[in-house]
Amino acid sequence: MEAALYCVATPIGNLGDITERAVSVLRSVDVIYAEDTRVTRKLLTHLGIQKSLHSLHQHNEAARVEAIFSAITAGQSIALVSDAGTPLISDPGYYLVGALVSQGINVIPVPGVSALITALSAAGLPTDRFAFEGFLSAKGSTRRKAMEALKSATSTLVFYESSHRIKDFLIDLQEIFGAQREIVIARELTKLYEHFYRGSVSDLLTQLEGDENMRKGEFVVMVAGVGKTGEESEQTALDTARLLEILVDELPVKQAATIAAKLTGQAKNSLYRQAMEIKEKEDG
Ligand code: SAM
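All of the points below concern the structure found in this document.

The rules behind the values
Residues numbered from 1 in each chain as written. Predicted model: local features only at pLDDT ≥ 70, side-chain atom pairs only at ≥ 80, totals over all residues. Heavy atoms only, no water. Buried < 20%, exposed > 50% of the residue type's maximum accessible area, 1.4 Å probe, protein only. Helix = DSSP H or I, 4+ residues; strand = E, 2+ residues; numbered from the N terminus. Arc of directions from axis to C-beta. Contact = heavy atoms within 4.5 Å. Pairing = 2+ DSSP bridges. Axes fitted to C-alpha atoms, helices over the stretch in contact; angles between N-to-C directions.

### Regarding helix H4 (residues 94-102)
For step 1, the next point in the chain: Among all positions in H4, only Leu96, Val97, Ala99 and Leu100 are buried. Down the axis of H4, the smallest arc covering the buried residues is 165°, so these residues share one side. What points out from H4, more than 90 degrees from its buried face, is the exposed set Tyr94 and Ser102.
For step 2, the next point in the chain: The inward-facing, buried residues of H4 abut strand E1 (5-8), helix H3 (61-73), strand E4 (78-81) and strand E5 (107-110).
For step 3, the next point in the chain: Among the residues trailing H4, glycine 104 stands out with phi positive, at a value near 80°.

As structure tokens, this is what we get:
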């Protein structure tokens, strides 16, 4: 096993979602650092793996860096896992990885599940552009300020929220984003009571207030960007293609892409590629 830090993703509910490579890495490394050793011990027991486990959480992360650096420099392989999903994604590890990378230590990702991608993959909201905002503050005024700064975003917004704050989160969302903004709440992903709730903020808030079960579990809340329902998004793609056709007829491809990027706010690289395709088609 190569001496390195392996950032290993673990399931967010369904244990079948661990990858073969993750199992093999967890079996082979010298030491595993875990956000909560009790949670990871259960996973390892399920996998039939016995391994030395140390804790690494937000309160001791900085203090662990030196020991992990020395161990890897001495040739050891170390895995980092969090309680669920991908380490560093709203979980500990950023400080450690940053410190190791800056000292030239090899950090190897072992990818797998993350709640945000799992949620987006079945939500039905546009995924061409999205912004992951993680947990907003538990403090109401700070949370509302963050929402104010996001309410005009045109990309899909992805938030994490816990059961004891989901109602307040939706109340603030309704006040700031408006009652009619389209949202999707993904609850208990990959677990027995997995459910996607789709509708306007006010519809889902009313539903949540009347359904105690809907307030239980873990949540990913996805908010459609301004003017970005699924249908509108398709319409935008059509409009962009038509705009590029017109521009490519009149201008060199590079210039057509630059002007289209300015008019639509979309990425120039992607528009350049589309413009090239149109030009090649037209040239036969
Ligand atoms: N590292 C994890 C990842 O890659 O998704 C996220 C860890 S963060 C501490 C935990 C939050 O992720 C939960 O409060 C919830 O918002 C979201 N989450 C994790 N598992 C989930 C699940 N099974 N269903 C819905 N949301 C989940």
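And the narrative resumes.
### Observations concerning the environment of glutamine 180
For step 1, the next point in the chain: Mapped onto the fold, glutamine 180 is located in the loop between helix H7 (166-177) and strand E8 (182-187).
For step 2, the next point in the chain: The class of glutamine 180 is exposed, set by a relative accessible area of 63%.
For step 3, the next point in the chain: A C-alpha to C-alpha distance of 6.0 Å links glutamine 180 and valine 201, two positions 21 residues apart in sequence.
For step 4, the next point in the chain: Non-local contacts of glutamine 180, meaning those with residues more than four positions away in its chain, are made with Ser200 and Ser202.

### Structural notes on the sheet that holds strand E10 (residues 218-223)
For step 1, the next point in the chain: Strand order in the open sheet formed by 5 strands is E6-E7-E10-E8-E9, with mixed pairing between adjacent strands. The outermost strands of the open sheet, each flanked by one partner alone, are strand E6 (130-135) and strand E9 (195-200). Recorded for the sheet is a direction-independent mean angle of 20° between the axes of neighbouring strands.
For step 2, the next point in the chain: When E6 meets strand E7 (residues 156-162), the two strands line up parallel, connected through 5 bridges.

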